[in-house]
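# Chains, contacts and geometry: an overview
Chain by chain, the residues:
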Amino acid sequence: MKYKMPSKADLNGRSSTISNAFAISITPYITPTEAEIKESYDLLKIKEGQCAYCLGEGNSKDHLKPLVRKGMPTGYITAIGNLVPCCSSCNSAKGAKEFKEWYLDPNNIARLKKKGLDDSTIKERFEIIAAYEDKIEPPLDYEQIVGKKLWNEYIDRKKRLIAILKEDQEFCDRLNDIITKKSRKNSISDIHRFAEKWCSIFDEPPQNADRIFEDELGNECVALGFEMDCGQSFDKKYSKGEPLNRADLLEQTIDSVDDIWSLGNAIFSNWRGLTYWSFESGFTDENRAWFLMAFRRLKDLSCEK
Ligand SMILES: [Zn+2]
């Protein structure tokens, strides 16, 4: 069965909102006089509170000519000549489409008929609104009005904000990843199984050691939510100066280790270092001692009481 999850709002999803807000922020916004409001209703042949598109009830206003297209201001403004009283369903059906293309589109005609309009009313509505649209002032050329210097600054400021959003999104994604993995109910028992498995592999005679050079261990670390941080989180917590990637140093510390995650990060990082840098020298006894100690401790720490 397909289960529809709620949509996940994120910062990237806000970039078109930012573009729109940038466009609308510089667009003139002119409040009409009483006389202009009356004239508008007369021209559109509707009453107050009526939708000009479907003649139903409506308290929204549609910009007949959209203010924003492809993230840029069109130069059309918010003034009564460009506004059409409408219902929310007509408003969202029209979206940013051109009135003349949208209104007589077969889908829209079908929609209007469902609302009770007949062919002649639809035709009449089309002509009234098309005539209203033809009176709209031509779009303003903002770039020409403010001059190249200010216009370029405007574009740059928008780009900068969108770039910041993107950067912050990447940061949040990282956190989300960590939180999701670490909050999984079964992750501690998964870690226990992981530690047990690798303890027994490293306990075996050397022929098993080749397995450490395969991706398996690293992939499992990723799946469990361990991070390759060069062992920094582990050293920061437990090191008394020297990095703990030496077996003799780890041995002095291992009993005090109580943090599963930084230990997992250290295992992951040490594995990566070993497979990346020491491929030629192979898996030494010291390596084996280090991993065995680390995995045993991980096994104990993840043992659910
Ligand atoms: Zn409507």
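Our subject is the structure listed above.
Residues numbered from 1 in each chain as written. Predicted model: local features only at pLDDT ≥ 70, side-chain atom pairs only at ≥ 80, totals over all residues.

Before going further, it helps to spend a moment on the overall build of the protein. From N to C terminus, the protein includes 14 helices and 4 strands. For a compact globule of 305 residues, the expected C-alpha radius of gyration is about 19 Å, and the protein comes in at 33 Å, more than 25% above that figure. Structurally, the protein occupies a C-alpha span of about 90 × 55 × 35 Å along its principal axes. Out of the 305 residues in the protein, the part that is buried amounts to 24%. (Helix = DSSP H or I, 4+ residues; strand = E, 2+ residues; numbered from the N terminus. Rg over C-alpha atoms; globule rule 2.2 N^0.38 Å. Buried ≥ 20, exposed ≤ 12 C-beta atoms within 10 Å, placed from the backbone.)

Position of Cys230 relative to the elements: it lies in the loop between α10 (216–224) and α11 (232–238). C-alpha of Cys230 to C-alpha of Glu127: the two residues are 103 residues apart in sequence and 70 Å apart in space.

Of all hydrophobic cores here, the largest spans 29 residues; its most connected members are Leu263, Ile267, Ala294, Phe295 and Leu298. Of all the secondary-structure elements, those providing two or more residues to this core are α9 (187–203), α10, α11, α13 (260–277) and α14 (285–301). Those residues within four positions of Ile267 in sequence are excluded, and the remaining contacts are Cys221, Phe226, Ala294 and Leu298. One finds Cys51, Tyr53, Cys86 and Leu112 within the second-largest nonpolar core, a separate group that totals 16 residues. (Core = buried A, V, L, I, M, F, W, Y, C linked by C-beta atoms within 7 Å. Contact = placed C-beta atoms within 7 Å.)

Turning our eyes to something else, we now look at the packing of α10 against α13. The N-to-C vectors of α10 and α13 enclose an angle of 150 degrees; their axes lie 10 Å apart at closest approach. The angle between α10 and α13 falls in the class roughly antiparallel. Judged by the twist between their axes, the crossing of α10 over α13 is left-handed. Residues Leu217, Gly218, Cys221 and Leu224 of α10 form the contact with α13, whose own contacting residues are Gly264, Ile267, Phe268, Trp271 and Arg272. Tallied by class, the residues present in the contact of α10 with α13 amount to 6 nonpolar, 2 polar and 1 charged. (Axes fitted to C-alpha atoms, helices over the stretch in contact; angles between N-to-C directions. Parallel < 35°, antiparallel > 145°, perpendicular 65-115°, else oblique. Left-handed = near helix turned anticlockwise from the far one by under 90°. Nonpolar A, V, L, I, M, F, W, Y, C, P; charged D, E, K, R; others polar.)

Take Phe234: it is sitting in helix α11. Using a count of 27 C-beta atoms within 10 Å as the deciding quantity, one classes Phe234 as buried. Between the C-alpha atom of Phe234 and that of Ala266, which follows or precedes it by 32 residues, the distance is 6.0 Å. Setting aside its immediate chain neighbours within four residues, Phe234 contacts Leu244, Ser262, Leu263, Asn265 and Ala266.

Of the residues making up α10, those classed as buried are Leu217, Cys221 and Leu224. The arc that holds every buried residue of α10, seen down its axis, measures 70 degrees, which confines them to one face. Set apart from the buried face of α10 by more than 90 degrees, the exposed residues are Asn219 and Ala223. If you follow the buried residues of α10, they end up packed against α9 and α13. Positioned one or two residues after α10, Gly225 has a phi angle of 100 degrees, which is positive. (Arc of directions from axis to C-beta.)

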